[in-house]
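Structural overview
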Amino acid sequence: MPHTEIRLFDRNLPNVDVEEAANLARTHFAVDGDLHALGGERDQNFRLDAGDSSYVFKISNAEDGEDVVGFQVEALQHVKARDRSLPVPELHADRSGRYMPRVTTESGDSHILRLVSYLPGVPVDEAPATLRTWREIGALMGRLNLALGSFYHPAARANDHPWDTANCLRFQPLTEHIADKSERALVNSVFDRFREHTKPRLDATRHQIIHQDAHCGNVLVDANDPERITGLIDFGDMLHGPVVADLAIIPDRTERSDDNLLDVICHAAIGFDATFPLQETEVDLLFDVICARYALGATIVAARNALHVDGPRHMESSEPFITPLDQLVSIGSATCTRAVRRACRFPAMLSGADEEALLDKRRQYLGKNATHFYARPMHFERASGPFLYSTDGNRYLDCYNNVPQVGHCNPHVVKAIARQAAALNTNTRYLYSSILEYAERLTDKLAPHLDACVFVNSGSEANDIAWQMARIMTGRSGGLLMEDAYHGITGPIREFSPGHPDTKLPDHLQGLIVPDPYRGKYRDDTPDIASRYAADADRAIADLARAGHETAAFMIDSALCSSGVPETPDGYLREVEKRVHAVGGLMICDEVQSGFGRMGQWWGHELHGLTADFVTMGKPVGNGHPLGVIVTRSEILERFTEKTGLFSTFGGNTVACAAGNAVLDVIERDELIENGRVVGEYFREQLRELSKTHALIGNVRGNGMLTGLEFVSDRDTRTPATEETARLLELMRQRHVLVGNEGRDGNILKLRPSLVFTHEHVDLFIDALDGTLGDLKAD
Ligand code: PMP
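Going along each chain's sequence as written, the residues are numbered from 1 onward. For this predicted model, a pLDDT threshold of at least 70 governs which residues receive local features, and a threshold of 80 or more governs which side-chain atom pairs are given and counted, while totals over whole chains, interfaces and linings are taken from all residues. Excluded from the side-chain calculation are hydrogens and water; included are all heavy atoms of the structure.

Describing the overall build of the chain
On a plain count of helices and strands, the chain comes out with 22 helices and 27 strands. The C-alpha radius of gyration of the chain comes to 35 Å, more than 25% above the 28 Å expected for a compact globule of 779 residues. Principal axes of the C-alpha set define a box for the chain whose edges measure 115 × 65 × 45 Å. Looking at the 779 residues of the chain, the share that counts as buried comes to 57%. The contact definition used throughout considers only heavy atoms, calling two residues in contact when any of these lie within 4.5 Å. When contacts within the chain are restricted to residue pairs at least 6 apart in sequence, those whose partners lie at least 24 apart make up 74%. Residue burial considers only the protein chains on display, and all accessible areas are found by Shrake-Rupley using a 1.4 Å probe. Carbon together with sulfur atoms contributes 48% to the accessible area of the chain, which is approximately 32,500 Å² in total. Positive charge is attributed to Lys and Arg, negative charge to Asp and Glu, and no charge count is given to His or to the chain ends. For this purpose, a charge sits on NZ of Lys, CZ of Arg, CG of Asp or CD of Glu. Measuring between centres, the 80 positive side-chain charges of the chain sit 4 Å from its 113 negative side-chain charges. Runs of E in the DSSP output that reach at least two residues are strands. Runs of H or I that reach at least four are helices, and both are numbered from the N terminus. Radius of gyration means the value over C-alpha atoms here, while the globule rule gives 2.2 Å times the residue count to the 0.38 power. Exposure categories follow from relative accessible area, calculated using a 1.4 Å probe and restricted to protein chains: below 20% of the type maximum is buried, above 50% is exposed, and the middle band is partly exposed.

This is the structure we're talking about:
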């Protein structure tokens, strides 16, 4: 578009002399005083001092009609009505109550007049701004956006003017007027990137009416206290545009500031975000929009000067735009965006990060034994539903992690956590209803005798408290567990977590042999296999008694996850329970793995027909938010608290309960347990189908969304394919599927995808496994 068609490019400033202006002010607004010319890009402005009052008397550009000026007038009125304390000019009516009388000046042109209050202070670029000043300016613009969010005016789009950052590309042909070749190339590179990258993304961000002109010359601060903002002026560049463009103007013309440009940008963003939360895409576009604004400014000034646009020069040179543009480009998009993200506490996105450096730091601060999955740890930056997204841009299907039971970053859970965290996060010593609602909902899902809850922070803690309760309730000290169980990390519970059958247990604990009909002591062809395995409980109870420890409780993971999810023989666990109860012991059903629908019904212990004295919960309870629960009989809780008292600072705080309630909402509303049952069955069917072509698959078992997949190198001898399984994990990762292995020989995959898994996700997994098993065969 030729520049002559761009509205207001040629400025055409009104040219009324002081005497005539004074006359107009007197005649129309009944204000008599001294007039001094002020600057202005498109309007003619005078400071008007009359007695104790000071005003700005504005003679609008003849190109601006009632629509455009009315837009400004109504916007100011709206802003004042929304947020009285915003330091924006107050409008004064003329003698007949009008805010924008039209006059014909001596030159014969027709102009609209306005009288507004004169705001005190000095422009930021004339004061020693501090980082706090930039935050205050950001906060001011955030508040203004908040106020303008509920405003619209039909002329918003008619106020077309050169300084519309989102439309900067129409100025690219005028870059020919930038005399310096390298400056011209720099500006053109910004416009090119804006066209290819920024504009399509910017168009999809939030738009509303924005001020678009909060550069250093238009923000006023107290000369004695530059951290106090006294005014925001010049509403002439308002338009309907992207919110981030308003923030992008704050670092404009900061060349006189001593502050580091990146600091200015970060602190302006912090302030803005505090009053008008930024969106992630806006933060990621900020660098490019600031660059575009600088490029636009440089082009307009260079072109106006070269084309000798009439009237006094708007700006002498484009240097105030070129200098910071140069600086910003050398800072670079990645550094700038990372800094703003960190400043506003958006998650770090470290695409292209130096992972060696991260690993070194990890070893330094987390210890060299801090374990990680895979030879080289995965580096993820976001997740959604069943997928994780790595910093190198790949998408991984998560079949390992059973914490995000209702899908990674489930939006309902995320919002519940955020909303509660924004309102109140405090502990169980105060009265609040959500903990009671949550306790009621949880206990309603369990047998009627399980009617009291204790809230803690992890599965380990839940097991620890349940174990303490069992000891106090029974007055005994002996515990039964699976010989390769895992129940957590607290001192007493670590003892309940031998992990391997050969681990020596302390005297007060006895491990039961794993009831594994596929590769255990008694196999699927053994008659009365359940009783044979259960008989080991008699041995264990007797051994405990011999060591001076009567049985207080049997702690059992209803999924037997650390044993490789064996298909426990029908009735086995009930037979053990009978023996435990017969000697006066209690049942601690650890549902950290098996709870919340994992096994196709709410609780794993119910699948086995057990009557729990304690149900302990962790992992999926908060879908990732730390929350552990013990549900027990109220008489047990009462007895325990009489003896010990009980308080956990974080356990069951308001935010944890919001997470817990939201997880229940999603499971119920989306019928995820039913989904898990159907998709889980399909999953195992497909695996069995695959076993027809891949002899490595020895056994497929499970319930709901919990599947054990056991690899053997020889189906007859059921020899564990330990090495192949280890290679398979890595190869599956290369095919972008995450799995984990289990069992004493490490040859079992425990597959625990989230309950939002669909048939398509199963198919993705099966394709990857098919390919991987093919690769292993070919090796
Ligand atoms: N019980 C079982 C069955 C578990 O699998 C785990 C964790 N893997 C725990 C308890 C311990 O939970 P947390 O890590 O939350 O302490």
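More follows now that the structure is in view.
Considerations on the pattern of salt bridges
A side-chain nitrogen of Lys or Arg and a carboxyl oxygen of Asp or Glu constitute a salt bridge if their distance falls within 4 Å. Scanning the model with the defined rule gives 49 salt bridges in all. Residue E355 is joined to R376 by a salt bridge in which the shortest nitrogen-to-oxygen separation is 3.6 Å. Taken together, the residues E355 in helix α10 (residues 355–366) and R376 in the loop between α10 and β12 (380–384) connect sequence positions 21 residues apart. Of the residues examined, E355 reaches a relative accessible area of 23% and is grouped as partly exposed. Relative accessible area serves as the criterion here: at 37%, R376 is assigned to the partly exposed category. When salt bridges that share partners are traced, they join E437, R441, K445, D665, E668 and R669 into one network.

As for the nonpolar core
Within this scheme, the nonpolar core is defined by two criteria: the residues are buried Ala, Val, Leu, Ile, Met, Phe, Trp, Tyr or Cys, and they are joined through side-chain atoms within 4.5 Å. Core analysis: the largest hydrophobic core is formed by 118 residues, its most contacted members being F554, F596, M617, F711, F765 and L769. Beyond its immediate sequence surroundings of up to four residues, F596 is in contact with Q405, Y438, L442, W602, W603, M617, P620, V621, L664, I667 and L755. Grouped together as the second largest cluster of nonpolar side chains are 92 residues, A166, M238, L262 and V283 included.

Digging into the side chain of N623
The residue N623 is located in the loop between β20 (614–617) and β21 (628–632) in this model. A polar contact is formed between the side chain of N623 and the backbone nitrogen of Q405, at a distance of 2.7 Å. What N623 contacts, discounting residues up to four positions off in sequence, is V403, P404, Q405, V406, G407, N410, V413 and V663. Here a polar contact is taken to be a pair of N or O atoms separated by no more than 3.5 Å, where protein atoms must pair a possible hydrogen donor with a possible acceptor and residues adjacent in sequence count only if both atoms sit in side chains.

Considerations on the sheet that holds strand β10 (residues 225–232)
Strand pairing is assigned whenever DSSP detects at least two bridges linking the two strands. Overall, antiparallel pairing links the 3 strands, which are arranged β7-β9-β10 in an open sheet. Looking along the sheet, the strands with just one partner apiece sit at the ends: β7 (122–123) and β10. Bridge analysis of strand β9 (residues 219–222) against β10 gives 4 bridges, and the strand direction is antiparallel. Bridging across to β10, V219 finds its partner in L232. Under this scheme, a helix contributes an axis fitted over its contacting stretch, all axes are lines through C-alpha atoms, and angles between N-to-C directions fall in the 0 to 180 degree range. Most of the contacts of helix α3 (residues 131–148) go to β10, to which it runs at about 25°, and overall it touches β9 and β10.

Thoughts on the packing of aromatic side chains
Only Phe, Tyr and Trp rings are paired, with Trp represented by its six-membered ring, and only when their centres lie within 6.5 Å; those with planes under 30 degrees apart are stacked, over 60 edge-to-face, the remainder tilted. Enumeration over the complete set of coordinates arrives at 15 aromatic pairs. For the pair W163 and F321, a centre-to-centre distance of 6.0 Å together with 35° between the ring planes defines the contact as tilted. Taken together, the positions of W163 in the loop between α3 and α4 (181–203) and F321 in helix α8 (residues 319–331) put the pair 158 residues apart, joining distant regions of the chain. In this structure an aromatic cluster arises from ring pairing among Y522, Y533 and Y572. A ring has a charge above it when a Lys NZ or an Arg CZ is no more than 6 Å from the ring centre and no more than 35 degrees off the ring normal. Lying over the aromatic face of F387, R395 brings its terminal NZ or CZ to 3.8 Å of the ring centre. Of note, R733 hangs over the ring of Y374, and the distance from its end group to the ring centre comes to 5.6 Å.

Looking at the state of the cysteines
When two cysteine sulfur atoms are found within 2.5 Å, that pair is recorded as a disulfide. All told, the structure shown has 0 disulfides when counted by the stated rule. Cysteine C399 shares no disulfide, and the gap to the nearest cysteine sulfur, in C561, comes to 14 Å. We classify C399 as buried; its relative accessible area is 0%. Of all cysteine sulfurs, the one in C453 lies closest to C657, which takes part in no disulfide; the gap is 9.6 Å.

Comments concerning the site of the ligand
For this description, a residue counts as near a given molecule or strand if any of its non-hydrogen atoms is within 4 Å of it. Close contacts around the ligand come from S458, G459, S460, N463, Y486, H487, G488, D557, D590, V592, Q593 and K619, and that covers them all. With respect to the ligand, the backbone of G459 contributes an N or O atom lying 2.9 Å from an oxygen atom. Between S460 and the ligand, the recorded distance is 2.4 Å, taken from a side-chain N or O atom to an oxygen atom. For the ligand, whose free accessible area comes to 390 Å², the fraction covered by protein is 81%. In terms of residues, the shell around the ligand owes the most to one element, helix α13 (residues 459–474), which gives 3 residues. For this scheme, ten residues count as nonpolar: Ala, Val, Leu, Ile, Met, Phe, Trp, Tyr, Cys and Pro. Four count as charged, namely Asp, Glu, Lys and Arg, and the remainder, Gly too, count as polar. Class assignment for the residues of the shell around the ligand results in 2 nonpolar, 7 polar and 3 charged.

Notes on the pairing of strand β17 (residues 509–512)
Of the two faces of β17, the one carrying L509 and G511 and the one carrying Q510 and L512 are both buried. As paired elements, strand β16 (residues 478–482) and β17 share 4 bridges and run parallel to each other. Paired with M482 across the two strands is L512, which belongs to β17.

A closer look at helix α9 (residues 333–344)
Working rule for helices: expected span equals 1.5 Å times residues minus one. Between its terminal C-alpha atoms α9 stretches 16 Å, which fits the 16 Å expected from 12 residues at 1.5 Å a residue. Of all the positions in α9, only C336, T337, A339, V340, R341 and C344 are classed as buried. Considering only its buried residues, α9 is in contact with α6 (261–275), α7 (280–306), α8 and β12. Looking one or two residues past α9, R345 carries a phi angle of roughly 60°, positive in sign.

A closer look at unusual backbone geometry
Although it is not a glycine, V565 sits at a positive phi angle of roughly 50°. You can see V565 is positioned in the loop between β18 (551–557) and α16 (572–582). The phi angle at K619 is positive, at roughly 25°, despite the residue not being glycine. Summarising the element assignment, K619 is placed in the loop between β20 and β21.

Section: helix α18 (residues 634–644)
Among the residues of α18, those classed as buried are I636, L637 and F640. All buried residues of α18 fall inside an arc of 95° around its axis, so they share one side. Residues of α18 that are buried sit in contact with β15 (452–456), α13, β20 and β21. Just downstream of α18, G645 is the residue with a positive phi angle, here 70°. In this description, one arc is meant: the one made by directions from the helix axis to the C-beta atoms.

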